[in-house]
Amino acid sequence: MGKEKNTSLEPLLRSLPHTGGKQRFGAISCSELTGNARKMTSLAFLFLLALVPAESARGRHPPKAAISSPVFGPRQVYGVLGGSVTVKCFYPPTPVNRHDRKYWCRQTGSGCPTVVSTQYVAPGYQGRIALTDVPQAEHFQINISALELGDAGTYQCGVGVNGRGLSYRVTLSVVEAPPVPETPELFYVKLRSTWTVTCGFGEDTAEMKKYLCKKEKEGCRNIINSYQELGSIQMTFEDPSGSFRVTMTQMDWEDAGVYYCGAGEYGKDKTSKELEVFIYEDKNFPHLKTNITAKNGSSATFECPYEPLINSSTRFWCKRDGRRCYRIIDNTGFVANKYKGRVAAFENPENKTVTVILNQLQYKDEGFYWCMSNELREQQSSAELRVVAGQPALTGKKEVEAQAGSRVNLTCCYPCTYSSYEKYWCKWSDSGCATLPAQQGLPEPGDACGPSSRTLVLSLGPLTEEDEGWYWCGLKRSGVFGETMAVELRLSAGELRAALPGGRAPQHPGRVRAALCLRASHGKPKPTAAPCPPNTSQQFSCPFLVLLLSNPPPSLGHTGEDAKLSPEFLDVDSSHDPGAVPPGGAHSDAEVRKGAAPESSDESHGSNTLALVLGPLAGLILIAVTAFAIVKYRQLKRSGESLPPWALKEQQQH
């Protein structure tokens, strides 16, 4: 027996980085992780590439007709003796081709003399032939009238110089009397764009099956019919009755060829129409993904064709469900309710695309999504989304709750492999996602960030109602959008309400910051749960603490004797993180005073601040003056000099 071929992965495994049998994740740097990841990715790619069958490359290369010439026209045209005929030829809409010479020549042996061109008409054809260029429609057409039997033959329509390659061969046949065979309808379609065709066969066919098939050696292969529901191909019924439209997205080289649309059964019912599709490549047309795979809980990025020069068209993004496509978002500001906070669109005029991002993915989001336009049907596209299990690259708290007036940090953790990517935070709205300034920082308590992760922090505050909503953290590289993570920020006054007696909310929560009084008991200071008296403006002098309260709300007043005190509530100043004070610690005196200051009018706030500053200062000055007077008096008493008469008399008596 021959030696068995080694198909194991041992050579591949030997080439991987060696860690000495120890787990070093906590000590591996970003550069090491990134380098190792790139090596493993490259090796895995080479391994998988060897397993890819050659047939998978089908459709990636253009057919011979497209390689020889990108100019396209009918293979055969028919005309009646004495009548007229029109020949339409298509060409790539490059700036050079738009302004270059167009021609129609007749093949004679090895040459092709010009019959008509942009600025020339050959003798014998003057007055009965014309060439019209329509660059905005990517074609030019030749009209020949007063047909003669001698006009039959082989011609070429082309761009530039005769016989230089940019041409297409057309056979013209002239019959003496009708009828003439029907020529196929021509479609000149960009690679990766959308093809739309409308067929109609009268009201008599309204109840018959409608179909589109592609002609092949074995017959006509079914593409879609009215009994099918396909995600990537759409069939819709039109007016008048019996008409229908088929839309195929992401046209590839292999989609070129001859098609038939019809009613009934192909080959049995004579209600069909021949269509011929030619695929050409436009280097400026964006390459869009048709199959997108994303992880559950992560996000997916879709791209739609977009023509920035045409602003009147309505563009929308929808999800197919049977024959219907449910609108999710459009360029007028509409966002479906169940997708609010989950979807956003970003226009990219430079590469003529619109990027649509859908995050917070779930398995039920799988399916076909369509980019649609009410005017530019050729700019429609579709993509299939598949959601798989896995861990999203971006992690952090998805729901954050904070009180109005406080400050909060939203954190977004990302792996080291994304260190070179552009990171951003933005505030979501129906019209898009506005970028906000963010900075590198540390994860918050409870964030599930790995030891080799980095954190992007968005700091907000003091919070207002306008700050409530959805915030996105995302990645970009070379202007291309990547993964995103959505965080919902909600404002709540729950802590303040729960702290009041009976769980009731204060009538003026914005004017209360702290209430803590020290009450004397047996000559010793003792903290007690006592609400502050309802006086309009009072200052309470308790040991180690001075509190000022201006215009306290009636809900904080007390009734009865001081001995019958209700439970105390303490709502720490929202500008401080509730968890910032360690166990056993306290805010400084300045912090306590700041927390105790009420949010009343500017005047009362100013007077309270002035009292806090001038009160201790006046006391110090009074003590200093008194001490100076006592010292001076004793000095004079000892010396007996310059004593006043009443002091001398008193000294003599003693």
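Structure report, in brief. (Residues numbered from 1 in each chain as written. Predicted model: local features only at pLDDT ≥ 70, side-chain atom pairs only at ≥ 80, totals over all residues. Heavy atoms only, no water.)

1. Points about the state of the cysteines
Moving on, step 1. Enumeration according to the criterion identifies eight disulfides in this entry.
Moving on, step 2. With a sulfur-sulfur separation of 2.1 Å, Cys 412 is cross-linked through a disulfide to Cys 473. Handedness of the Cys 412-Cys 473 disulfide follows from its S-S torsion of about -75 degrees: it is left-handed. Taken together, the positions of Cys 412 in strand E27 (residues 408-414) and Cys 473 in strand E32 (residues 469-477) put the pair 61 residues apart, joining distant regions of the chain. Here Cys 412 matches Cys 473 in class, with each residue buried. (Disulfide = S-S within 2.5 Å. Helix = DSSP H or I, 4+ residues; strand = E, 2+ residues; numbered from the N terminus. Buried < 20%, exposed > 50% of the residue type's maximum accessible area, 1.4 Å probe, protein only.)

2. A word on the sheet that holds strand E3 (residues 102-106)
Moving on, step 1. Ordered in space as E1-E9-E8-E3-E4-E5, the six strands form an open sheet in which the pairing is mixed. Looking along the sheet, the strands with just one partner apiece sit at the ends: strand E1 (76-80) and strand E5 (120-121).
Moving on, step 2. Here six bridges tie strand E8 (residues 153-159) to strand E9 (residues 167-175), and the two strands are oriented antiparallel to one another. What sits directly across from Tyr 155, in E9, is Val 170. (Pairing = 2+ DSSP bridges.)

3. Examining the side chain of Gln 156
Moving on, step 1. In this structure, Gln 156 sits in strand E8.
Moving on, step 2. Dropping the residues within four chain positions of it, Gln 156 is found in contact with Tyr 103, Trp 104, Cys 105, Gln 107, Cys 112, Ser 167, Tyr 168 and Arg 169. (Contact = heavy atoms within 4.5 Å.)

4. Observations regarding the packing of aromatic side chains
Describing an aromatic ring pair means giving the distance of the ring centres and the angle of the ring planes.
Moving on, step 1. Tallied over the entire structure, the rule returns 18 aromatic pairs.
Moving on, step 2. Plain terms: the ring middles of Tyr 188 and Phe 278 are 5.7 Å apart, the flat faces sit at 15 degrees to each other, and that makes the pair stacked. One end of the pair, Tyr 188, is in strand E10 (residues 185-190); the other, Phe 278, is in strand E17 (residues 272-280), with 90 residues separating them in the sequence.
Moving on, step 3. The class for Tyr 188 is buried, based on a relative accessible area of 12%.
Moving on, step 4. Where Tyr 188 meets Tyr 280, the ring centres are 4.1 Å apart and the plane angle is 10 degrees; that geometry is what we call stacked. On the criterion of sequence distance, the pair formed by Tyr 188 in strand E10 and Tyr 280 in strand E17 is long-range, its members being 92 residues apart. (Phe/Tyr/Trp six-rings, centres within 6.5 Å; stacked < 30°, edge-to-face > 60°.)

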